[in-house]
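Chain by chain, the residues:
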Amino acid sequence: MTSIPPLKIGFLTPYSGIYPEMSHHIVYGFLMPFVKYNNQGKQLFRIDPEYVKQGGQKAVTEAVKKLLFFDQVDIISGIINYQVVPEILPLIEKRDKVAFFFDSGEYMPHPTQLSTHVFYNSFQLWQSQYALGYWAQKEFGGKGAVVMGLYDSGYHMHSAFRQGTIQAGAEAVDYAVLGRPNSTGQDVPFSEYVDKYLENIIKNPPEYIHALFCGQEAIQFLAKYYDSPLKNKVPLIVSNHMSSEEILASFNHFEWQIYSASIWSNRDSNKINQKFVKGYQEGLRQKPNMFNLLGYEAGLMFREMTTYFEKRDWPAIRQTLQKKSIRGPRGSVNFYPKSGFDLPKISIEKLLFRNNKITRMIVSQGQGLKYDHEIFNEINQELVSGWQNPY
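Residues numbered from 1 in each chain as written. Predicted model: local features only at pLDDT ≥ 70, side-chain atom pairs only at ≥ 80, totals over all residues. Heavy atoms only, no water.

Caption draft 1: The packing of helix H1 (residues 22-31) against helix H11 (residues 290-304), seen in detail. Taken N-terminus to C-terminus, the directions of H1 and H11 make an angle of 35°; their axes are 6 Å apart at the nearest point. The two elements H1 and H11 meet at a crossing, and its hand is right-handed. On H11, the residues that touch Met22, His25, Ile26, Gly29 and Phe30 of H1 are Phe291, Asn292, Gly295, Tyr296, Ala298, Gly299 and Phe302. (Axes fitted to C-alpha atoms, helices over the stretch in contact; angles between N-to-C directions. Helix = DSSP H or I, 4+ residues; strand = E, 2+ residues; numbered from the N terminus. Left-handed = near helix turned anticlockwise from the far one by under 90°. Contact = heavy atoms within 4.5 Å.)

Caption draft 2: Spotlight on the environment of Lys138. Among the structural elements, Lys138 can be located in helix H5 (residues 125-140). What makes Lys138 exposed here is its relative accessible area of 53%. For the pair Lys138 and Ala168, spaced 30 residues apart in sequence, the C-alpha to C-alpha distance is 5.9 Å. (Buried < 20%, exposed > 50% of the residue type's maximum accessible area, 1.4 Å probe, protein only.)

Caption draft 3: Structural detail: the pairing of strand E1 (residues 7-13). For E1, a buried count of six out of seven residues is recorded, marking the element as mostly surrounded by other parts of the structure. Looking at chain direction, E1 and strand E3 (residues 75-79) are connected through four bridges and run parallel. By the bridge assignment, Ile9 is partnered in E3 with Ile75. (Pairing = 2+ DSSP bridges.)

Caption draft 4: Here's a closer look at the packing of aromatic side chains. Per the counting criterion, the structure on display carries 36 aromatic pairs. Seen from their ring centres, Tyr151 and Tyr155 are 5.8 Å apart, and the 80° between their planes marks the pair as edge-to-face. Here Tyr151 falls in the partly exposed class, since its relative accessible area comes to 26%. You can call Tyr155 buried: its relative accessible area is 2%. Between Phe309 and Trp314 the ring centres are 6.2 Å apart and the planes differ by 75°, which places this aromatic pair in the edge-to-face class. The same class applies to Phe309 and to Trp314, which are both buried. (Phe/Tyr/Trp six-rings, centres within 6.5 Å; stacked < 30°, edge-to-face > 60°.)

Caption draft 5: Local environment of H5. Helix length check: H5, at 16 residues, gives a terminal C-alpha distance of 22 Å against a target of 22 Å (1.5 Å per residue), a fit within 8%. With twelve of 16 residues buried, H5 lies mostly within the body of the structure. Buried within H5 are the following residues: Leu125, Trp126, Gln127, Ser128, Gln129, Tyr130, Ala131, Leu132, Gly133, Trp135, Ala136 and Gln137. Where H5 is buried, its residues meet helix H6 (157-167), strand E8 (209-212), strand E9 (236-238), strand E10 (256-262), strand E13 (346-354) and strand E14 (357-366). (Expected span 1.5 Å × (residues − 1).)

Spelled out as structure tokens, the structure:
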């Protein structure tokens with residue numbers, strides 16, 4: 001009997017200086033649930049990566065056209081943000097294709113950009129930001145402050161945090177964006193921005209400070225804050241990225257405490273998560289990250305539809321993706337926003353730095369909200385900076 005050729009997945013692959021391996025990590029996680037299937041000498045999917053530069057609208061649209069009309073792929077996938085979806089939706093729907101995208105959740109899905117052809121696996125970081133803002137305001141009260149880099153200001157993360165504080169009773173939150181060119185248009189070393197900001201904050205300290213920075217900016221800000229009089233006096237609440245093991249590896253020797261929120265961790269003790277972590281470590285000799293997880297969850301869902309994929313039963317595939325959830329390492333997950341993304345379990349954590357060790361203590365459980373809750377209408381109506389970042 002002639003074997004069925006594998007389905008072609010065109011995978012939009014952006015460049016990221018912060019997460020240079022994120023596309024590879026997603027693909028590896030996606031293929032993990034198919035090891036037994038592949039060991040039978042069968043191949044259900046073939047991944048065809050398509051470079052989209054830094055994920056801008058023009059590059060993504062051209063890549064999707066190429067994958068659909070020239071490469072004749074069966075599925076469009078990869079890493080995009082919701083800002084580019086309106087341009088590619090007509091292309092996908094006209095060709096009657098299935099698209100399955102990944103995002104870490106710095107942007108919130110917009111209610112008007114949904115389609116029965118397009119599905120998402122989102123880490124929903126904005127959920128943790130909302131829960132963190134709500135908790136911070138309830139815990140510390142008064143007037144808080146948000147400080148972020150120019151890059152991070154282009155997302156919905158700070159807006160979700162602000163909405164959390166408002167719902168908890170805040171009347172105002174101070175904002176600062178570090179990294180803009182000076183009045184003469186010249187770039188200034190980031191450390192100088194941080195020094196100036198902390199100098200001003202020390203004169204009139206808020207009840208708490210929430211920081212959102214990536215990469216080296218995150219490391220520089222944490223180091224400067226630690227050396228300032230604000231350390232352990234004004235609570236520092238950091239984003240999920242800033243509390244990651246990769247960032248905090250530089251600060252094991254510190255003696256202080258900060259706060260953050262976690263949606264998932266490779267340390268979580270549930271059986272499904274430990275099976276995933278063990279399998280990943282055995283394969284690559286390293287701990288899985290957020291992008292491995294997103295790929296793995298999608299792989300679990302696609303494995304459930306193996307028979308449909310073998311038969312090329314696209315209506316059944318779309319129906320399943322619209323209605324079905326899977327139980328993965330971070331709990332119940334579904335992929336169709338209109339049916340309501342399953343709410344993640346959010347843990348508010350205190351990170352204690354003592355004796356060259358970081359101890360994470362859960363101090364509260366955060367509450368998420370549906371993406372289309374009326375509280376978030378304001379966020380969806382705001383104009384973001386125009387960033388076209390891929391995640």
